[in-house]
Amino acid sequence: MESASNTSFANIIHKVCQNETSPKANASREPTVTANQLNDIPELLQEVKTHLGGIAAENVTERIKMAKNGKEKQSHDLDRAEFKRKLESEEKPSVKKEARMLELDNQLVTMPLSHIPLKSLMDVEIKLVYVDEEDITYEFIGPRPPTSIQSTCRGVEIVNSLSAPNFSFLPQIDKWLQVALKDASTCYRQKKYAVAAGQFRTALELCSKGAALGKPFNASPQDISSIASFIETKLVTCYLRMRKPDLALNHAHRSIILNPAYFRNHLRQATVFRWLERYSEAARSAMTADYIYWLSGGSEQHISKLIKLYWQAMIEEAITREEAFSVMYTPFATKVKADKIEKMKEAFAKKQPDYVEYIYTDPHGLHILPQTADWASLPPQRYLLTLGFKNKDIGKFLEKMSSKKLPSFSEHKAPFSPLTREESVRHLETVGKKILPILDFIRGTKLTESFSACSGVIEKLQYASLLSRLQRVKEQSQVINQAMAELATIPYLQDISQQDAELLQLLMADAMDTLEGRSDKERVWNKIQKVGIIEDFLYQLEDSFLKTKKLRTARRQKMKMKRLQSVHQH
C-alpha cells in the first residue's frame, strides 16, 4: 500500500513540475463555477475511506458530489444571467467599457481604512454566529431531489420538533441523543455554558458511537456528519460564551470538516480567530463564508452585507496591527505588464516610505476586497497586492517561495540530512512568527490558488511537522485540523484538476493518520518539502556553475586583452 502511495505521489510531483513549465499552467485560475473537472473526484476519493473511516470518508465524497451538483446548477443560472447582461451591454456603447478598463488600470492607490466599531462586529456575531440559541437546530443537506441550488448545498435548519410537517423528509434522530441535546440546550438557555458544553460533549460521544439516527443502518453518512457538525458548532458557541476561544478552535475546524457547505460554520471559525486575535485567518474564514453563502443560493442581501462587513473589519484590523509590512491594493481590469508593476512599486514607495527595504507584488494574485466583491459578476473586481517590508530578508524569502514549483519553507543547506533540534527551533521561529502570518494575510483576500489548489494548506502541514519534531502536540493538532478544514472546503471554492484531486486525497488521508497516530510512514507534505529542498539545492548548484563559468569567461577575456595590449606595445 505504501509503495502505491509513493507511486501516486511521484506521479503528482511529475505532473506538477510539467504543468509549471507549460503555458497553460501559468495562466491565472479564475474563481469559476463550472465543474467539468469535478466529475472524477468521487472515484479518486474512494481510497481515502481506509484512512478516514466510513463516515468521514463518505462525507468527503458526498460533499464533493454536492459541490459539483451545486456548481453545475449555479453555472446554468449564471449562463442565463450572463446572456442577459450580454444583450443589455450590446445596447450600450463599447467606449464606456474601454474607458472603465483604462480608469481601473490607472488607479495606483492604497485602499483607505475605515474604522469599523467593535459594536458592529458584535451585532454581526449575535445575528449570524449565536443565532437560534434557544432552539435545537440541525443543519442537514436536503436529501430530496433539489429544486434549487439552495436545497442542494445550503444547510436546512430544523427548529425544536423533528416531526414538524414541513420537515417530514428528514431522518429521525436517535431518542437518547435527542434527550441529551435538549438537556444541553436548556442549560445553554439558562446561561450555564460550562454544563451545556459537558452535555454537548456527551452528545458528541453518543454520535461517534453510532447513536445519531433512529435507524443507524439506513443512515446516510452526510446526515450523520451534519448532526455531528451541529454538535461541534454548539460547542464552539459554548466556549465562546465562556471566553475560551482556544477550546473552541478545534471544534470550529471539525464542524467545517464535517459540513463545509454551511456558511455559518466558516463564520463561527472567523469569530474564534477574532477572539484569538488572528485577524488574517479570520478574514479568510469570513470571505469563504460569504462565497459559500452565495454559492449555496443565499439571496438575502442583508446577510451578505453583514458577512462582508465582518470580512472588511478583519482585513483592516490585520493591516492596522501589522508592523513588519504595509500593503497596497491596486484594481486592474486587463493583464498587468511588468512596467505597470514597476509603477505600482514606485507609487507604494511614495505612499509608504518606511516600508521600502523590499517591495513585492504578488505575481499569482487575484485578490478580492469586500467593498467591491460581487460573486455573481464573473470575475468580480480584482486587485493586485503589493507588500512593502522593513526587513529585506523576509521580502526576499517570500518572493523566492512564490517562485518555487513546490511549496517548501526550508532554507536547509544539506538536503540529505535532517535538521538538528537547534535548527528546528530557529526554523520554527522564522516560519511561525515571520512567514506564515504574511501568507495568511495574502490569503485573506485571495479565494483561489493560481498554481495548485492545495497551495497554502501544504505549507501549514509542513509547519505542523516542525511542531511535531519539537513535541508541541497541542499546536500540531490545531494546525492539522485547520488544514483539513481547508482541504474539505477547496472543492467548493474552485475547480480542481485530476492531479489536485489526487493530492487532496493523499493530504487528507495522511492528515487523519497523523491525528490518530496511525502509521509512521513519511507524510506527503514532507516528501514535497524534500523535493523542494533538492530542487533548491540543484538550482544553487546550477547558479554556482553559471557564475563560475562567467568568471572563467571574464578571466579569459581579460587575459586575451592583456596579450593583445602586449603585442600592440611591442
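Residues numbered from 1 in each chain as written. Predicted model: local features only at pLDDT ≥ 70, side-chain atom pairs only at ≥ 80, totals over all residues. Heavy atoms only, no water.

## So, the overall build of the protein
For step 1, the next point in the chain: A tally of helices and strands in the protein yields 22 helices and 5 strands.
For step 2, the next point in the chain: Evaluated residue by residue, the protein yields a buried proportion of 51% over its 570 residues.
For step 3, the next point in the chain: Within the protein, contacts between residues separated by at least 24 positions form 76% of all contacts whose residues are at least 6 apart in sequence.
For step 4, the next point in the chain: Carbon and sulfur atoms form 54% of the exposed surface of the protein, whose accessible area is close to 27900 Å². (Helix = DSSP H or I, 4+ residues; strand = E, 2+ residues; numbered from the N terminus. Buried < 20%, exposed > 50% of the residue type's maximum accessible area, 1.4 Å probe, protein only. Contact = heavy atoms within 4.5 Å. Areas by Shrake-Rupley, 256 points an atom, 1.4 Å probe, with all protein chains shown as cover.)

## Here's the deal with the sheet that holds strand β5 (residues 382-389)
For step 1, the next point in the chain: An order of β3-β5-β4 is seen for the 3 strands of this open sheet, with the pairing classed as antiparallel. In this open sheet, the two edge strands, each paired with only one partner strand, are β3 (325-332) and β4 (358-361). Across the sheet, the axes of successive neighbouring strands diverge by a mean angle of 20°, strand direction being ignored.
For step 2, the next point in the chain: Two strands pair when backbone bridges link them, and β4 and β5 are joined in this way by 4 bridges, in the antiparallel orientation. Each bridged residue has a counterpart across the sheet, and for Tyr360 the counterpart in β5 is Leu387.
For step 3, the next point in the chain: Strands in contact with helix α18 (residues 421-443) are β3 and β5; relative to β5, the strand with the most contacts, it is inclined by about 160°. (Pairing = 2+ DSSP bridges. Axes fitted to C-alpha atoms, helices over the stretch in contact; angles between N-to-C directions.)

## Topic: helix α17 (residues 392-402)
For step 1, the next point in the chain: Burial in α17 covers these residues: Ile394, Gly395, Phe397, Leu398, Met401 and Ser402. Looking straight down α17, one finds its buried side chains confined to an arc of 160°; they lie on one side.
For step 2, the next point in the chain: Of the residues flanking the start of α17, the one acting as N-cap is Asn391, its side-chain oxygen 2.8 Å from the backbone nitrogen of Asp393. (Arc of directions from axis to C-beta. Polar contact = N/O pair within 3.5 Å; in protein donor to acceptor, adjacent residues only side chain to side chain.)

## Section: the pattern of salt bridges
For step 1, the next point in the chain: Enumeration according to the criterion identifies 17 salt bridges in this entry.
For step 2, the next point in the chain: With a closest N to O distance of 3.4 Å, Lys446 and Asp362 form a salt bridge. A residue pair is termed long-range when its members are at least 10 positions apart, and Lys446 in the loop between α18 and α19 (457-469) and Asp362 in the loop between β4 and β5 qualify at 84 residues.
For step 3, the next point in the chain: For Lys446, a relative accessible area of 6% puts it in the buried group. (Salt bridge = Lys/Arg side-chain N within 4 Å of Asp/Glu carboxyl O.)

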